[in-house]
Each structure stands twice: as structure tokens, then as C-alpha cells.
Amino acid sequence: MSPVTTKDPRDFYQDQNPAPGTAIEPSELEIQQGFANGKNPDPLPKLFQPLKIRGYNIKNRIWVSPMCMYSAQDGFVSDFHLSHYSQFAMRGAGLIMVEATGVLPEGRISPNCLGIWKDEHIEGLRRTVSHMHKYGAVAGIQLGHSGRKGSTIPLQLYGTRDTFKSTLEEGAWPDKVYGPSAIPYDENHYVPKEMTAEQIKLVQQAFIDGAVRADKAGFDVIELHSAHGYLLFEFLSPLSNKRTDDYGGSFENRVRMLIEVARGVRKVLPEHKPLFVRVSSTDWVEGGWTAEDTVALAKLLTNEGVDLLDCSTAGNDPRQNIPLAPGYQVQFATKVKDEVPGMLTGAVGLISNGKMAKEIIESDKADAIFVAREFLRNPSFVLSTAHELGINIKWPNQYERGRLKTKYSFV
């Protein structure tokens, strides 16, 4: 994605070429002034080398993971979203994945989640995308359906009541919560209705329609949310899918929902635009979805034109036993990358410093890093990582005077 450039001298401040987050060689003066110890490493760490996917040359491998913000009304983008996503673009993120966005009203996680089920949503999303593009960021959006984990309260309200269920007064839809089977996540969530064949087709079409709207809004990348116990993953896991028709039972049947959605979305996406899938690589529960299942799924998704598997875990069963530790999910991105030729992978999960990120990419454990909470703590994570690793990169023009120094000098 090319940043904004201008030939009008009055608009000099908009000229962000090269884009923030792009590795560039420091000048001799910049070295004297203390902005760099010397020339950039040769070869440049792959973390700051571009990654080409279809028609896009993404400037670096540090990407913003989709994170629900619970700051929308009726699915519409708010001023918060413009500020939130713009800050990462200004500070050099290579790709920014907009949070899980409901393809149907009942596909939202909470009444305050983003939506893309009607054309009126396009304009607000387009404005947000346009601002990300000004700084050379690739703009992605995660399309999702909450399934049996829908109609819940926003994260900000956790702990304020003894249930995750939202109320009718708050905009809930308890009668429209559905999933592959009538099995609730737990007693604090609504009991879902088992989806009919007609509802399955309706949801599949909603994903396709959402992708068309996302394309019209200018998004560069679509990611299908098939992780964390939401609808598409609910079909994958034998723990949440007890169907006896073509969408349940065997592995081939349980993956059918996601495969058909991916196939439909790929058909309506322009050829140059990448398609990602986020998946929970394991349930972390005996008898559930496994890493081996994820590899088998990845092979099928490659045939459907999916370009990258974003490898997360868990979220589908309260019995999960997660071995939390820095980089604990990287192993799943590596497994897919090693065993599925042609499928790129993204690593995510407690990746919080530049040295860890560099090691993951340099060791070919993944092709890109999705960073979540660390970006919330430090929106300048790309800039600070480059400084930590001794790499000179472009800062946004307006913030140039704040560039980190390796030494102080009055030169």
C-alpha cells in the first residue's frame, strides 16, 4: 500500500513517502546526531523486510491483531475507531486488522460491536480505511459471526454482574442466538438454537455480502474469524458441533461450513486482495480440535485461495487448560508453515518485545507477527522495536522531532 504523496507545496505535511515503519538507511548527519549508531544491519532482519502477498507489498511484518473495542452503536464506526486505528497507522504498523465485525446483527458478540450487514456501514469504514492508507498501512478487516457466544456484555462490563448475558434494554437478541448445536458455552451464556440448513446458507451469504461491502469500503485484506469459540470455529470443533447432517460428525463435514464460506468470499474478492483465516489451532481440551486438525484444514484452505492462516488457540470450551507463556502459540504457526507448502502463517499470543518478534521471523517460525495488547500499551511498538533492534526506520513526518536516539548530540 502506497502512502499519500503530493506535489502541491501547500500539502507538504501529507507527504509520507516513504511510509512510517519502512526501514531506511540513516544519513551521515543522522548518525552524527545520534539517531542511529550506523548503517542498518546487512542483511536487514526479516521483521523489517517487506512481505509480498498477492498484489500487496507489506512494508514490515509487525501487524495489529484484531481486538474488540465495544465502541459502536448499531454496528456503525465511531470517532473512537478513527482515532484508534489511525494511531497504529501513523506509527508504522505494516498491516492493521480491524476488529471482529458482525456480518449480521445477531452475529455481533455484543450490542456494541462493529457491523457490516448493511450498505450504510460502508461510509464510516471507508473513512477509517482512508486514514490508514495515508500512512502506507495495509488495512484488513475481520469478518465474524459470534454464534453461541453472541448477545453478551462488552468486556468493560465484565465483573459488574454475575452473567455475561446482555439484556433486551441493552440491545440483546436472546431469541436469535444460534450455533451448530443447541449447546451453550456455559451457564453464563444464552442457550443457542441449532441452526437449520436455511440458516446456514443465510449466514454463508452474509459473509460473502460482508466481503463485498468491505471491498467497497477499500479494505485490502479480509480475514474470516474462525477462532475463539465463535460460529465458524463452533462448526469445526467436535465439542460444540454435534450435528448429524452434512455439517457435523466427520472432520470433512465439520470443516464444510468454513470451506464453503472461504470459497464464496474468495470468488467475490478481487484477485489481488489477500484472504486470511484466523483459527483456534487447538481447543486445549481432550477430545476437541487439535493441531493436526489445523494442519489438515490449512491444506484444504490453500486450495480455496486462502493466503495466510492466523494461528491462535482456545476460546471454545471453559474446560480449556492453556499453558500461558510468552509466545506460547507460535508453535502452531510453525507447524502449519512447515507442513503446508504455500500457506503463510501469522503468529500471535504474548509477543511483547522486539527481540522475541525478530527471533520468530528470523527462525522462519512464522511469516508475520500479530500483536494485540502490546499495541494497546504502546501504540509506537513498531518504532520502539526498530530502536531496540538498532534499525533506522521512517517516522511520521509530524513526529520526526520525537525520534528515539542512540546518543545525544548537539550536531
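Quick caveat, the model's predicted, so the values are computed rather than measured. (Residues numbered from 1 in each chain as written. Predicted model: local features only at pLDDT ≥ 70, side-chain atom pairs only at ≥ 80, totals over all residues. Heavy atoms only, no water.)

1. Looking at helix α9 (residues 330-339)
Listed in full, the buried residues belonging to α9 are V330, F332, A333, T334 and V336. Of the surrounding elements, those touching the buried residues of α9 are α8 (291-303), β10 (308-312), β11 (344-348) and α10 (354-362). (Buried < 20%, exposed > 50% of the residue type's maximum accessible area, 1.4 Å probe, protein only. Helix = DSSP H or I, 4+ residues; strand = E, 2+ residues; numbered from the N terminus. Contact = heavy atoms within 4.5 Å.)

2. A look at the layout of surface pockets
Size it by volume and the largest pocket reaches roughly 1200 Å³. P66, H228, Y230, R278 and R373 are the residues nearest the centre of the largest pocket, which is lined by 44 residues in total. Among the secondary structure elements, those contributing two or more residues to the lining of the largest pocket are β12 (368-371) and α11 (373-377). Sorting elements by how many residues they give to the lining of the largest pocket places α11 first, with 4 residues. Grouping the amino acids of the lining of the largest pocket by side-chain chemistry returns 25 nonpolar, 14 polar and 5 charged. By volume, the second largest pocket amounts to about 220 Å³. Along the wall of the second largest pocket there are 17 residues; nearest its centre are F35, A386, H387, I391 and N392. Its residues assigned to classes, the lining of the second largest pocket comprises 8 nonpolar, 7 polar and 2 charged. (1 Å grid on protein atoms, 1.4 Å probe; cavity = no way out; pocket = protein on both sides within 12 Å on 5 of 7 lines; lining within 4 Å. Points joined across faces, edges and corners; volume = space filled by probe spheres on them. Nonpolar A, V, L, I, M, F, W, Y, C, P; charged D, E, K, R; others polar.)

3. So, the pattern of salt bridges
Counting across every chain of the model gives 23 salt bridges. For E123, the salt bridge identified is with R126, shortest N-O distance 2.6 Å. On the criterion of helical spacing, the pair formed by E123 and R126 is a turn pair, its members being 3 residues apart in helix α3 (residues 122-134). The class for R126 is partly exposed, based on a relative accessible area of 34%. Each of R54, R266, E271 and D307 takes part in a single network of salt bridges with overlapping partners. (Salt bridge = Lys/Arg side-chain N within 4 Å of Asp/Glu carboxyl O.)

4. Some points on the environment of S65
Mapping S65 onto the fold places it in the loop between β3 (62-64) and α2 (79-90). With 47 residues separating them in the primary sequence, S65 and N112 have C-alpha atoms 19 Å apart. In this view, S65 contacts M97, R278, V348, F370, V371 and A372; residues no more than four positions away in its chain are not counted. Among the polar contacts made by the side chain of S65, one reaches the side chain of R278 at a distance of 2.8 Å. (Polar contact = N/O pair within 3.5 Å; in protein donor to acceptor, adjacent residues only side chain to side chain.)

5. Here we look at the nonpolar core
With 93 residues, the main nonpolar core has F48, M132, F219, L224, V265, L297 and L301 as its most contacted residues. With 7 residues, the top contributor of residues to this core is helix α4 (residues 197-216). Ignoring any residue separated from it by four or fewer positions in sequence, one finds F48 in contact with G21, A23, K59, N60, I62, V382, T385, A386, L389, I391 and I393. Counting residues in each nonpolar core, the second largest holds 14 residues, with L51, V221, V348 and A368 among its members. (Core = buried A, V, L, I, M, F, W, Y, C linked by side-chain atoms within 4.5 Å.)

6. A few points about α2
The end-to-end C-alpha distance of α2, which contains 12 residues, comes to 16 Å, matching closely the 16 Å that a straight helix rising 1.5 Å per residue would cover. Turning to α2, its buried residues are H81, L82, H84, Y85, S86, F88, A89 and M90. Next to the buried residues of α2 lie β3, β4 (95-102), α3 and α11. At the exit of α2 stands G92, carrying a positive phi of roughly 100 degrees. (Expected span 1.5 Å × (residues − 1).)

7. Notes on the pairing of β12
Of the two faces of β12, the one holding A368 and F370 and the one holding I369 and V371 are both buried throughout. As paired elements, β3 and β12 share 3 bridges and run parallel to each other. Looking at β12, one finds that I62 is bridged to I369. Summarising the sheet, β11 and β12 pair through 3 bridges and their orientation is parallel. Looking across to β12, one finds that G346 is bridged to A368. Each parallel crossover has a hand, and the one from β11 via α10 to β12 is right-handed. (Pairing = 2+ DSSP bridges. Right-handed = clockwise from strand over helix to strand, strands pointing away.)

8. Considerations on the packing of aromatic side chains
As enumerated under the stated definition, the model contains 9 aromatic pairs in all. Their ring planes at 40 degrees and their centres at 4.7 Å tell us that Y158 and F164 sit as a pair that is tilted. Assessed through its relative accessible area of 37%, Y158 is described here as partly exposed. Ring geometry for F235 versus Y247: centroids 6.4 Å apart, planes at 75 degrees, classification edge-to-face. One end of the pair, F235, is in helix α5 (residues 231-236); the other, Y247, is in the loop between α5 and α6 (251-254), and 12 residues separate them in sequence. This pair shows no difference in class: F235 is buried, exactly as Y247 is. (Phe/Tyr/Trp six-rings, centres within 6.5 Å; stacked < 30°, edge-to-face > 60°.)

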